[in-house]
Amino acid sequence: MQTHHAKRVEIIIEAPMETRLTAALEKAGVTGFTVLPVLGGSGRSGRWTRDGQVGRAGMVAVVCLIRPDRLDALLEAAFAVVERHIGVVSVADVEVMRAERF
């Protein structure tokens, strides 16, 4: 089966910033993404968990699969939101089927 090169971008950010981030991605031409809840983790500030949080407190992961030529626009849009907040952006090379969807 034929596969095509793509980039997988994962952005972990505070849940209240989700709408601002996804709006910035859409404005930058990103046509698809998935938002997942983040249940807990560990970082510079130590271990944390979403248990006991009320409302939208906590973190979300926004995952995008895009063509490599769209990466710079996505990263610029994401960084404009993430730079002032808690967040991590990672980029990985992946292979996808049905390249026309990206």
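Reading guide: rules and limits
Residues numbered from 1 in each chain as written. Predicted model: local features only at pLDDT ≥ 70, side-chain atom pairs only at ≥ 80, totals over all residues. Heavy atoms only, no water. Axes fitted to C-alpha atoms, helices over the stretch in contact; angles between N-to-C directions. Helix = DSSP H or I, 4+ residues; strand = E, 2+ residues; numbered from the N terminus. Parallel < 35°, antiparallel > 145°, perpendicular 65-115°, else oblique. Left-handed = near helix turned anticlockwise from the far one by under 90°. Contact = heavy atoms within 4.5 Å. Nonpolar A, V, L, I, M, F, W, Y, C, P; charged D, E, K, R; others polar. Pairing = 2+ DSSP bridges.

## Considering the packing of helix α1 (residues 18-27) against helix α2 (residues 71-82)
Next, step 1: Close contact between α1 and α2 brings their axes to 9 Å; oriented N to C, the two are set at 155°. The pairing of α1 with α2 is recorded here as roughly antiparallel in orientation. The two elements α1 and α2 cross, and the hand of that crossing is right-handed. Taking contact as the criterion, the partners of Arg20, Leu21, Ala24 and Leu25 in α1 are, on α2, Leu74, Ala77, Ala78 and Val81.
Next, step 2: A class-by-class count of the residues in the contact of α1 with α2 yields seven nonpolar, no polar and one charged.

## A look at the sheet that holds strand β6 (residues 87-96)
Next, step 1: Reading across the sheet, the four strands line up as β2-β5-β1-β6 and stay open at both edges, with antiparallel pairing between neighbours. If you trace the sheet from one side to the other, it starts and ends with β2 (34-38) and β6, each paired once. The average angle at which neighbouring strand axes cross in this sheet is 20°, direction not considered.
Next, step 2: Two elements, strand β1 (residues 4-14) and β6, share 10 bridges in a ladder whose sense is antiparallel. Counterpart to Arg8 in the pairing with β6 is Ala92.
Next, step 3: The strands touched by α1 within the sheet are β1, β2 and β5 (59-66), with β5 carrying the most contacts at an inclination of about 15°.

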